[in-house]
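Inside the fold
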Amino acid sequence: QKEVEQDPGPLSVPEGAIVSLNCTYSNSAFQYFMWYRQYSRKGPELLMYTYSSGNKEDGRFTAQVDKSSKYISLFIRDSQPSDSATYLCAMDAGGTSYGKLTFGQGTILTVHP
Amino acid sequence: ETGVTQSPTHLIKTRGQQVTLRCSSQSGHNTVSWYQQALGQGPQFIFQYYREEENGRGNFPPRFSGLQFPNYSSELNVNALELDDSALYLCASSSRPGDTQYFGPGTRLTVL
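These remarks concern the structure in this document. These numbers were taken from a predicted model, which means no experiment stands behind them.

Definitions and limits used
- Residues numbered from 1 in each chain as written.
- Chains lettered and ligands numbered in written order.
- Predicted model: local features only at pLDDT ≥ 70, side-chain atom pairs only at ≥ 80, totals over all residues.
- Heavy atoms only, no water.
- Helix = DSSP H or I, 4+ residues; strand = E, 2+ residues; numbered from the N terminus.
- Buried < 20%, exposed > 50% of the residue type's maximum accessible area, 1.4 Å probe, protein only.
- Pairing = 2+ DSSP bridges.
- Axes fitted to C-alpha atoms, helices over the stretch in contact; angles between N-to-C directions.

**What about unusual backbone geometry?**
- Each neighbour pair has its own omega, and for Ser7(B) with Pro8(B) the value is -10°, a cis peptide bond.
- Within the element layout of this structure, Pro8(B) appears in the loop between strand E1 (5–7) and strand E2 (10–13).
- Backbone geometry at Asp78(A) places phi at a positive 45°, although glycine is not the residue there.
- Position of Asp78(A) relative to the elements: it lies in the loop between strand E8 (71–76) and strand E9 (85–92).
- One non-glycine residue with positive phi stands out, namely Tyr72(B), at about 70°.
- Inspection of the secondary structure puts Tyr72(B) in the loop between strand E7 (64–68) and strand E8 (73–78).
- Residue class for Tyr72(B) comes out partly exposed when judged on its relative accessible area of 32%.

Here it is as structure tokens:
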């Protein structure tokens, strides 16, 4: 079993839709949670960073963490064609593992006009 | 743009050969991490260097090695290439371990 599982598979939504992306994890040592966006032929770029259970909002993006269920989500409101990319969740256990990120396998999102 | 650059962009090698990939970190960033991203997968942590010393390693064999230099550049070396080494190799720099990592565009390695 992988430490981090990301679902759903490829997503295709119309412009303006609300998108929900999810990851579950098995390692209870993970303390820091991130969402990265990766455009084709580019490296990942950090979208959201959280370290506590609850919600964090930044513009059209909301990150949600539920440590008791080992579950994190990213919501995108009013999705735009420019949001079309691969979204990766990433986790960090901190301590001696600080900065050694464990990623999910990614979700390919397509927003069509 | 993150200010992290990688070279070359693409590389084709034959099984058994050796390869060196290069990364130039953002100025002032003394931590560099390397990741391997297979097609359709998320990046997998290879190792991290902090102030020119290895500071943690993922589940990769010793034929994967690295160097970090005082001028914010670093290298990833892979010996005895295998077909499964074909992937996108990403480097990420940060001001210190645990801080936000800024990724380069990656080097696409194909092993034939």
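Right, picking up where we left off after that structure.
**Quick look at the sheet that holds E7(B)**
All names here are of chain B.
- As summarised here, the arrangement of the 4 strands in space is E1-E3-E8-E7, forming an open sheet in which the pairing is antiparallel. For this open sheet the edge positions go to E1 and E7, each flanked by a neighbour on one side alone. With direction set aside, neighbouring strand axes in the sheet form an average angle of 20°.
- The pairing of strand E3 (residues 19–24) with E8 spans 6 bridges and is antiparallel. Opposite Arg22, over in E8, you have Glu75 as the bridge partner.

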